Amino acid sequence: MPNPETKLKLAAVLEELDMSRSAFYRMVARGKGPKLLKLPNGQIRIRRSDLDAWWIAQEQSTAA
């Protein structure tokens, strides 16, 4: 089982979501995306646990 504290690179998240970078940033700007971590060098990471929680929230919102 993957470590929930693993920090994923944006490219891996985009591949998992099957989403373009621009569409992802639009979603995040609207407050609809997973929590992002910005590193001092400007790169973005997303915790596996945050992405999994976001997926669960998306499933629940479509079921309602």
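If you're wondering where the values come from, they're calculated on a predicted model, not measured in any experiment.

Describing the overall build of the chain
Consideration 1: Within the chain, the secondary structure is distributed over three helices and three strands.
Consideration 2: Helices and strands appear in the chain in the N-to-C order β-α-α-β-β-α.
Consideration 3: Over its C-alpha trace the chain gives a radius of gyration of 12 Å, about what one expects of a compact globule, namely 11 Å for 64 residues.
Consideration 4: The principal-axis extents of the C-alpha atoms in the chain amount to approximately 40 × 30 × 20 Å.
Consideration 5: For the chain, contacts bridging at least 24 residues in sequence account for 48% of all contacts bridging at least 6.

Some details on the pattern of salt bridges
Two side chains of opposite charge can pair, provided their charged atoms sit close to one another.
Consideration 1: One pass over the full model with this rule turns up four salt bridges.
Consideration 2: Across the salt bridge formed by Glu5 and Arg47, the nearest N and O atoms sit 3.3 Å from each other. Taken together, the positions of Glu5 in the segment before β1 (7–9) and Arg47 in strand β3 (residues 44–47) put the pair 42 residues apart, joining distant regions of the chain.
Consideration 3: The exposure class assigned to Glu5 is partly exposed, which follows from its relative accessible area of 42%.
Consideration 4: Of the charged contacts, one joins Asp50 and Arg47 as a salt bridge, the two residues approaching to 3.7 Å between their closest N and O atoms.

Here we look at the sheet that holds β1
Consideration 1: As summarised here, the arrangement of the three strands in space is β1-β3-β2, forming an open sheet in which the pairing is antiparallel. Taken across any chain shown, the strands that pair with only one partner, and hence form the sheet edges, are β1 and β2 (37–38).
Consideration 2: Alignment of β2 against β3, held across two bridges, turns out to be antiparallel. Across the sheet, the residue bridging to Lys38 is Ile44, located in β3.

Focus: the nonpolar core
Consideration 1: Of all hydrophobic cores here, the largest spans ten residues; its members are Leu8, Leu10, Val13, Leu14, Leu17, Phe24, Met27, Ile46, Leu51 and Trp54.
Consideration 2: Taken together, the elements giving at least two residues each to this core come down to α1 (10–17), α2 (21–29) and α3 (48–63).
Consideration 3: Looking at this core element by element, the count peaks at four residues for α1.
Consideration 4: What Trp54 contacts, discounting residues up to four positions off in sequence, is Leu17, Met27, Lys32, Gly33 and Pro34.

Cut-offs and rules
For every chain, the first residue of the written sequence is number 1, and numbering continues from 1 onward in sequence order. Only residues with pLDDT of at least 70 are given local features in this predicted model, and only at 80 or more are side-chain atom pairs given and counted; all residues enter the totals for whole chains, interfaces and linings. Note: side-chain values were computed over all heavy atoms of the structure, leaving out hydrogens and water. Here a strand is any run of E in DSSP of at least two residues, a helix any run of H or I of at least four, and the numbering for each starts at the N terminus. The size measure is the radius of gyration over C-alpha atoms, and the globule rule it meets is 2.2 Å times the number of residues to the 0.38 power. The criterion used for residue contact is that any of the two residues' heavy atoms lie within 4.5 Å. Criterion for a salt bridge: a side-chain nitrogen of Lys or Arg within 4 Å of a carboxyl oxygen of Asp or Glu. Three labels apply to residues, based on accessible area from a 1.4 Å probe with only protein chains included: buried if under 20% of the type maximum, exposed if over 50%, partly exposed otherwise in between. Here the rule is simple: two strands pair whenever DSSP picks up at least two bridges between them. In this description, a nonpolar core means a group of buried Ala, Val, Leu, Ile, Met, Phe, Trp, Tyr and Cys residues linked to one another through side-chain atoms lying within 4.5 Å.

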